[in-house]
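# Breakdown of the fold
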Amino acid sequence: MRLFAAVLPPDPIADELARFAAALRTLKGVDTDAVRWTERANWHFTLAFMAEVPDGAVPDLTGRLERAAHRTAPFRLSLRGGGHFGGRALWAGAGGAVPELRILAGRAGAAARKAGVTMEEHRAYRPHLTLARSRGEADLGPYVEALAAFDGTPWTVADLALVRSNLPRSGVPGEQPRYEVVGRWPLGGADGDGAGAG
């Protein structure tokens with residue numbers, strides 16, 4: 001299974017970003033055909049990307065992620081500003097308790113490594129929510145300038161999710177992966193039923 005740990009924005013927060021993203025799509029002076037916008041259902045902050053996880057490692061992984069969640073207190077986060085990775089990806093950034101988000105990402109990554117999951121090369125964690133990807137090298141500067149004005153409503157991050165990435169199989173151009181939450185654990189002191197704790 002292709003898995004990643006993530007923080008998922010709640011619906012009202014995603015609604016707010018969706019309204020702003022709709023305005024971005026109508027910016028004057030940009031080649032709007034140069035980017036493919038990510039589906040709202042796929043919006044998330046990746047904490048740890050695990051790629052292919054053997055079925056046998058999943059029980060240990062989920063147990064360790066549950067413990068990582070319980071060791072982390074809920075924290076306030078918001079969507080704020082944005083940036084780009086070269087000319088290939090446009091993203092919304094994070095505001096608020098970003099240090100706590102980084103700690104949770106570190107704990108999720110450590111949980112995966114301790115469960116024997118091979119992780120991609122370690123690099124400094126940069127929280128981002130991917131809004132669009134380009135079909136080539138695109139000028140994303142105008143979008144980033146517009147995103148600088150975005151300062152979303154804060155919310156309390158109350159859980160950590162484990163998400164399965166189902167890659168496109170239809171061969172239809174522009175088809176995106178389909179994400180499926182396979183586990184969700186409340187952060188320490190958060191309300192929740194621990195569904196998916198396995």
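Our subject is the structure listed above.
Residues numbered from 1 in each chain as written. Predicted model: local features only at pLDDT ≥ 70, side-chain atom pairs only at ≥ 80, totals over all residues. Heavy atoms only, no water.

Turning to the nonpolar core, a few remarks are in order. Of all hydrophobic cores here, the largest spans 52 residues; its most connected members are Leu-47, Met-50, Leu-61, Leu-65, Leu-131 and Leu-160. Here this core gets 6 residues from one element, more than from any other, and that element is helix α3 (residues 98–114). If sequence neighbours within four positions are ignored, Leu-47 has contacts with Ala-5, Ala-6, Val-7, Leu-101, Leu-104, Ala-105, Ala-108, Tyr-125 and Leu-160. (Core = buried A, V, L, I, M, F, W, Y, C linked by side-chain atoms within 4.5 Å. Buried < 20%, exposed > 50% of the residue type's maximum accessible area, 1.4 Å probe, protein only. Helix = DSSP H or I, 4+ residues; strand = E, 2+ residues; numbered from the N terminus. Contact = heavy atoms within 4.5 Å.)

Here we take up the packing of aromatic side chains. Throughout the structure, instances matching the rule amount to 4 aromatic pairs. Measuring from centroid to centroid gives 5.2 Å for Phe-4 and Tyr-179, while their planes differ by 80°, and the two rings are edge-to-face. In this pair, Phe-4 is assigned in strand β1 (residues 2–7) and Tyr-179 in strand β9 (residues 178–186), connecting sequence segments 175 residues apart. A relative accessible area of 3% means that Phe-4 is categorised as buried. Geometrically, the ring pair formed by Phe-20 and Phe-150 is tilted, given 4.8 Å between the ring centres and 50° between the ring planes. Of the two residues, Phe-20 is situated in helix α1 (residues 11–24) and Phe-150 in the loop between α4 (141–147) and β7 (155–157); the sequence distance between them amounts to 130 residues. (Phe/Tyr/Trp six-rings, centres within 6.5 Å; stacked < 30°, edge-to-face > 60°.)

This paragraph deals with the environment of Glu-16. Summarising the element assignment, Glu-16 is placed in helix α1. A C-alpha to C-alpha distance of 7.1 Å links Glu-16 and Gly-152, two positions 136 residues apart in sequence. If we skip the residues at most four places from it in the chain, Glu-16 touches Phe-150, Gly-152 and Thr-153.

Time to look at a positive patch on the surface. On the surface, Arg-67, Arg-71, Arg-113 and Lys-114 cluster together into a positively charged patch. With respect to the secondary-structure elements, Arg-113 resides in helix α3. (Patch = residues over 30% accessible without salt bridge, like charges linked within 9 Å, V, L, I, M, F, W, Y side chains within 5 Å. Areas by Shrake-Rupley, 256 points an atom, 1.4 Å probe, with all protein chains shown as cover. Salt bridge = Lys/Arg side-chain N within 4 Å of Asp/Glu carboxyl O. Lys, Arg positive; Asp, Glu negative; His and termini not counted. Charge placed at Lys NZ, Arg CZ, Asp CG, Glu CD.)

Moving on to the environment of Ala-149. Along the chain, Ala-149 turns up in the loop between α4 and β7. The exposure class of Ala-149 is exposed, given its relative accessible area of 65%. When the C-alpha positions of Ala-149 and Phe-20 are compared, they lie 9.9 Å apart, and in sequence the two are 129 residues distant.

One can describe the packing of helix α2 (residues 58–70) onto α3 by two numbers: an axis separation of 9 Å at closest approach and a directional angle of 155°. For the element pair α2 / α3, the angle class is roughly antiparallel. Crossing of α2 against α3: the hand is right-handed. Between α2 and α3, the residues in contact are Asp-60, Leu-61, Arg-64, Leu-65 and Ala-68 and Leu-104, Arg-107, Ala-108, Ala-111, Ala-112 and Lys-114, respectively. Looking at the contact of α2 with α3 residue by residue, the classes come out as 7 nonpolar, no polar and 4 charged. (Axes fitted to C-alpha atoms, helices over the stretch in contact; angles between N-to-C directions. Parallel < 35°, antiparallel > 145°, perpendicular 65-115°, else oblique. Left-handed = near helix turned anticlockwise from the far one by under 90°. Nonpolar A, V, L, I, M, F, W, Y, C, P; charged D, E, K, R; others polar.)

Turning our attention to the pattern of salt bridges. Taken as a whole and judged by the stated rule, the model has 5 salt bridges. Close ionic contact of Arg-64 with Asp-60 constitutes a salt bridge, the shortest N to O distance being 3.1 Å. One end of the pair, Arg-64, and the other, Asp-60, are both in helix α2, 4 residues apart, so they sit about a helical turn from each other.

Right, let's get into the sheet that holds β7. Through backbone hydrogen bonds, the strands of a sheet pair up, either in parallel or in antiparallel fashion. On the basis of which strands lie adjacent, the open sheet formed by 5 strands has the order β2-β6-β5-β4-β7 and antiparallel pairing. Where the open sheet ends on each side, the last strands, each with one partner, are β2 (35–37) and β7. Within this sheet the neighbouring strands show an average axis-to-axis angle of 40°, counted without direction. Looking at chain direction, β2 and strand β6 (residues 129–134) are connected through 3 bridges and run antiparallel. In the strand pairing of β6, Trp-37 is matched with Ala-132. (Pairing = 2+ DSSP bridges.)

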